[in-house]
Amino acid sequence: VRFYDFAKGMDDIYTLSCKAVDKAGNETKSAIRFSVNRDGSAYEIDEATQKLLEQRYIRQPEDIVITEINKDDLCLTEISYSLEGKVVVLKQGSDYTIEKSGQEDQWRTYRYHIRASCFQKEGTYVINVYSEDAANNRSTNKIKTKPVIFTLDRTAPVLVVSNLEDGGKYNEETHRFTISARDNISLDKVAVYLDGECIHTYGKEELETTNGKL
């Protein structure tokens, strides 16, 4: 007996059953379970983690929760993050925990709970979950279009006003001054107020054009 190729998207756990009957009515049954696994793992992002990723910029680190789903057992798992060009491999137990579910005849689910304490330095974090399964598939969340990227920023922007003194007196119709706005990562907006009234708000694109000098 020969199987035809399984079509795309048919990776799953299957049961093959056979029954033989002779002319006297005697019969024999046999069943074999097997998995078709060409696509490797799939990934799901926890709801709270998804909200963090949509926000992108955060002031306080939070736990990251990612779920990996595979038809077979994983033989190897490695979780790491890159920060400012440096790759850090996390340790199971101290940095993250794994909750596994699913029996031999079920899809396996691995829930990774990465502790917020791993993310203390400011900068942009890119988390990578790498695994190898029993069918020799190698998977990462980045390849499966489930990127986990966020930026930790605890530092407030710096504003410097030039050519305008606090308490200064000027006998002139116009007076030019400069406001320089800087941030360690990225500015979102700068609002300028005169006597409590907002006279102009510089958006991100305008700030990039002026290079922070208003």
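Structure report, in brief. (Residues numbered from 1 in each chain as written. Predicted model: local features only at pLDDT ≥ 70, side-chain atom pairs only at ≥ 80, totals over all residues. Heavy atoms only, no water.)

## Description of the overall build of the chain
Turning to step 1, where the next piece is worked out: If you tally the helices and strands in the chain, you get 2 helices and 16 strands.
Turning to step 2, where the next piece is worked out: Taking 17 Å as the expected radius of gyration for a compact globule of 214 residues, we find that the chain reaches 29 Å, considerably beyond that expectation.
Turning to step 3, where the next piece is worked out: In terms of its C-alpha atoms, the chain occupies a principal-axis envelope of roughly 120 × 35 × 30 Å.
Turning to step 4, where the next piece is worked out: By element, 48% of the accessible surface of the chain is carried by carbon and sulfur atoms, the whole surface being about 14,900 Å².
Turning to step 5, where the next piece is worked out: Taking the average location of the 29 positive side-chain charges in the chain and that of its 36 negative ones, the two points are 6 Å from each other. (Helix = DSSP H or I, 4+ residues; strand = E, 2+ residues; numbered from the N terminus. Rg over C-alpha atoms; globule rule 2.2 N^0.38 Å. Areas by Shrake-Rupley, 256 points an atom, 1.4 Å probe, with all protein chains shown as cover. Lys, Arg positive; Asp, Glu negative; His and termini not counted. Charge placed at Lys NZ, Arg CZ, Asp CG, Glu CD.)

## Quick look at the packing of aromatic side chains
Turning to step 1, where the next piece is worked out: A full pass over the atoms with the stated rule returns 5 aromatic pairs.
Turning to step 2, where the next piece is worked out: Centre to centre, the rings of Y125 and F150 are 5.3 Å apart; their planes meet at 15°, and the pair counts as stacked. Of this pair, Y125 sits in strand 10 (residues 123-133) while F150 sits in strand 12 (residues 148-152); the two residues are 25 residues apart in sequence, bridging distant segments of the chain.
Turning to step 3, where the next piece is worked out: Within the aromatic cluster, the residues linked to one another by ring pairs are Y81, F119, Y125 and F150.
Turning to step 4, where the next piece is worked out: Positioned above the aromatic ring of Y57 is the side chain of R56, whose terminal nitrogen or guanidinium carbon lies 5.7 Å from the ring centre. (Phe/Tyr/Trp six-rings, centres within 6.5 Å; stacked < 30°, edge-to-face > 60°. Lys NZ or Arg CZ within 6 Å of the ring centre and 35° of its normal.)

## Section: unusual backbone geometry
Turning to step 1, where the next piece is worked out: Backbone geometry places T145, a non-glycine residue, at a positive phi of 55°.
Turning to step 2, where the next piece is worked out: Along the polypeptide, T145 turns up in the loop between strand 11 (138-140) and strand 12.

## A look at the pairing of strand 8 (residues 96-101)
Turning to step 1, where the next piece is worked out: In terms of strand pairing, strand 8 meets strand 9 (residues 108-114) through 6 bridges, oriented antiparallel. Its bridge partner being in strand 9, T97 is matched across the sheet by H113.
Turning to step 2, where the next piece is worked out: Taking the residues between adjacent antiparallel strands as the criterion, strand 8 and strand 9 are bridged by 6 residues, where G102 takes a positive phi near 110°. (Pairing = 2+ DSSP bridges.)

## Quick look at the pattern of salt bridges
Turning to step 1, where the next piece is worked out: Tallied over the entire structure, the rule returns 5 salt bridges.
Turning to step 2, where the next piece is worked out: With its nearest N and O atoms 3.1 Å apart, the salt bridge here joins D73 to R108. Taken together, the positions of D73 in the loop between strand 5 (64-70) and strand 6 (74-83) and R108 in strand 9 put the pair 35 residues apart, joining distant regions of the chain.
Turning to step 3, where the next piece is worked out: A residue is classified by how much of its surface remains accessible, and D73, at 31% relative accessible area, is partly exposed.
Turning to step 4, where the next piece is worked out: For R108, a relative accessible area of 8% gives the class buried. (Salt bridge = Lys/Arg side-chain N within 4 Å of Asp/Glu carboxyl O. Buried < 20%, exposed > 50% of the residue type's maximum accessible area, 1.4 Å probe, protein only.)

## Points about the environment of T140
Turning to step 1, where the next piece is worked out: Positionally, T140 belongs in strand 11.
Turning to step 2, where the next piece is worked out: Put simply, T140 and I79 are 61 residues apart on the chain and 9.6 Å apart in space, counted from C-alpha to C-alpha.
Turning to step 3, where the next piece is worked out: Residues contacting T140, with those up to four places away along its chain left out, are Y43, N128, V129 and Y130.
Turning to step 4, where the next piece is worked out: In terms of polar contacts, T140 uses its side chain to reach the backbone amide nitrogen of I143, at 3.1 Å. (Contact = heavy atoms within 4.5 Å. Polar contact = N/O pair within 3.5 Å; in protein donor to acceptor, adjacent residues only side chain to side chain.)

## Structural notes on the nonpolar core
Turning to step 1, where the next piece is worked out: Judged by nonpolar contacts, the single largest core of 24 residues is most densely connected at I64, I66, I79, I114, F119, I127 and F150.
Turning to step 2, where the next piece is worked out: Those elements that provide at least two residues to this core are strand 3 (42-45), helix 1 (47-55), strand 5, strand 6, strand 9, strand 10 and strand 12.
Turning to step 3, where the next piece is worked out: With 4 residues, the top contributor of residues to this core is strand 6.
Turning to step 4, where the next piece is worked out: When neighbours within four sequence positions are excluded, F119 is seen to be in contact with P61, E62, I64, Y81, I114, Y125, I127, F150, L152 and R154.
Turning to step 5, where the next piece is worked out: Counting 7 residues, the second-largest nonpolar core is a separate cluster that includes L187, V192, Y202 and L207. (Core = buried A, V, L, I, M, F, W, Y, C linked by side-chain atoms within 4.5 Å.)

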